[in-house]
Amino acid sequence: MLTDGSGSPWRRPLLLLPLLVLLAVALRAHDFGNPVIHVDEQYYLLVGDRMLGGALPYVDFWDRKPLGLFLLFEGMRLLPGDGILAYQWIATLFAAATAGLIALAARRLGARPIGAGAAAIAYLLWLGFLSGRGGQSPVFYNLFMAAAGWATLRLPMLAERRDRRAILAQGAAVCLLAGLAIQTKYTPVVEGAFFGLAHCWYLHRAGARLPLLAGAALAWALLGLAPTLAAIAWYHALGPEVFARFWFSNFASVTLRRGYPAAKIVARLAGTGAQLSPFLVCAVLGWRWRPDERRSEAAVAFGWLAAAIVGYAMIGAFFDHYALPLLVPLAIVAAPALGRSPAALLGGALAAAALFAFHWSGEPDDRVSARAAADVMAAHARQGCPYVFAGDSILYHLSGTCVPTAYAFPSTLAYEAEQGATGIDEAKEVRRIMGTRPPVVVTMDQPLAPWNRQSLAVVAPLLARDYRLELIEPREEAHELVYVRRDLAR
């Protein structure tokens, strides 16, 4: 930690942490208790909640995310309440801690205290701009990667000291942190591999001979893979059928997912690029202005950023929240420019203000609508499992009702992108669900993505014939439609 004798939190990053916690709470407080911040975290909470009752991910609830993410939400579900405030508070603390590590790492690049603090604050702001207001998986695993990256930036100093023992110990810790991140989402494997290779290079620079280097690389790789290998081993022990579902969900199904139209991809990239442009400009300036004595650290930081970009591009869908992992290395490499250039600092502040105003005015709060829909579901729970064909999976949790399918994330059966990628006939599964005559069916008047037309062809005529529209509630730019079976409708 910096100890320059100043009591200012800008000069002592650990003293900055309480301020970052307060800022994170202030930025996120308006969403506390909102169960429909984003469709992804709704599903993570639903699965974590049902795991407490014995549900098994990939068997009882299908998804591609690693087991570690669901275990995290299961653990948070143990806290008091219905889990919504709990995960949002924990996510807030993770975000603040990540911002604190960004400030520490930025100082390792030679950023001035004001630049390090500005980078930390920018991270918290831009999380919200890129759909990270709640509990998206990067909000959690960015902490692991920030800690690993902060440590990795010590490598030039350790190599200069020829402190091989410290590099060996640090490499083990860094790769284990990366392994935890990989069990929260698989894309951090690219950043983890970069951290491991950086440790190998600097261990070589510190004078390690080939046998030590090879042994260290193997040990670090195993530590990075250990959490995932543990999940694989556990599902393998549950039997071949369960293991086959686990393996397909985690490692095979993503290759079958359909791509999005080129125009949509271009639009997403343009939107994300525009929002990240202040970081990109400052990153370029930071590279040009890097101090001579910090060139090696800067090279490590920009290598990390390159690895994060590869991870971002791997899946190819380019949703805005897929860019959340970029924020950590981007904020760190932008910090030197933010501290050196008043124009960069002012430009960043103006961009933040503009984006804050845009998102604050444009993002609806649909918690009342969600709870109204859940109330209808709960009122008919005794007549069977309701079915959320399209909309919010959290409605099962809010209503306390049973779930009629393992494919409960609505887009899995309802939207075209997943057609043929789930390992089942999606329309056949929808037909089976509707054959149980759900007492309540929830759908959208406008889909969030193109419909799976075969699935829609099953649902639409049955809704028209056997159900009555009970409730229409606003949901983002569309409406959530709640249908009740005609024999149950008032």
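Criteria and thresholds
- Residues numbered from 1 in each chain as written.
- Predicted model: local features only at pLDDT ≥ 70, side-chain atom pairs only at ≥ 80, totals over all residues.
- Heavy atoms only, no water.
- Helix = DSSP H or I, 4+ residues; strand = E, 2+ residues; numbered from the N terminus.
- Rg over C-alpha atoms; globule rule 2.2 N^0.38 Å.
- Buried < 20%, exposed > 50% of the residue type's maximum accessible area, 1.4 Å probe, protein only.
- Contact = heavy atoms within 4.5 Å.
- Areas by Shrake-Rupley, 256 points an atom, 1.4 Å probe, with all protein chains shown as cover.
- Salt bridge = Lys/Arg side-chain N within 4 Å of Asp/Glu carboxyl O.
- Disulfide = S-S within 2.5 Å.

This paragraph deals with the overall build of the protein chain. In terms of regular secondary structure, the protein chain is built from 20 helices and four strands. Over its C-alpha trace the protein chain gives a radius of gyration of 24 Å, about what one expects of a compact globule, namely 23 Å for 490 residues. Each principal axis of the C-alpha atoms in the protein chain carries an extent, and together these give about 75 × 50 × 45 Å. Looking at the protein chain residue by residue over its 490 residues, the buried ones come to 56%. Sequence-distant contacts in the protein chain: of pairs separated by 6 or more residues, those separated by 24 or more amount to 75%. Counting only carbon and sulfur atoms, one obtains 64% of the accessible surface of the protein chain, whose full area is about 20400 Å².

Attention now moves to the side chain of His397. Mapped onto the fold, His397 is located in helix 17 (residues 394–399). Not counting residues within four places of it along the chain, the set of residues in contact with His397 comprises Leu45, Leu46, Asp49, Arg50, Arg77 and Asp82.

It is worth spelling out the pattern of salt bridges at this point. Scanning all chains against the criterion turns up 18 salt bridges. The shortest N-O distance in the salt bridge between Arg133 and Asp31 comes to 2.8 Å. Remark: Asp31 occurs in the loop between helix 1 (13–28) and helix 2 (39–51) and Arg133 occurs in the loop between helix 5 (113–129) and helix 6 (137–152); sequence separation between them is 102 residues. On the basis of relative accessibility, which here comes to 15%, the residue Arg133 falls in the buried class. Between Asp487 and Arg437 there is a salt bridge; the shortest N-O distance is 3.7 Å.

Another aspect to go through is the state of the cysteines. Applying the stated criterion to the full structure yields one disulfide. Sulfur-sulfur distance for the disulfide between Cys385 and Cys402 comes to 2.0 Å. Across the S-S bond linking Cys385 and Cys402, the dihedral sits near -120 degrees, which makes this disulfide left-handed. Placement of Cys385 in the loop between helix 16 (367–379) and strand 1 (387–388) and of Cys402 in the loop between helix 17 and helix 18 (411–414) is noted, with a sequence separation of 17 residues between them. Among the residues examined, Cys402 registers a relative accessible area of 34% and is labelled partly exposed. Summary of cysteine pairing: Cys200 is not part of a disulfide, and the nearest cysteine sulfur, belonging to Cys175, is at 7.9 Å. Overall, the relative accessible area of 16% leaves Cys200 in the buried class.

Let's shift gears to the environment of Gly192. Note that Gly192 resides in helix 9 (residues 189–205). In this structure Gly192 touches Met145 and Ala178, once residues within four positions along its chain are discounted.

Structural measurements only, silent on function.
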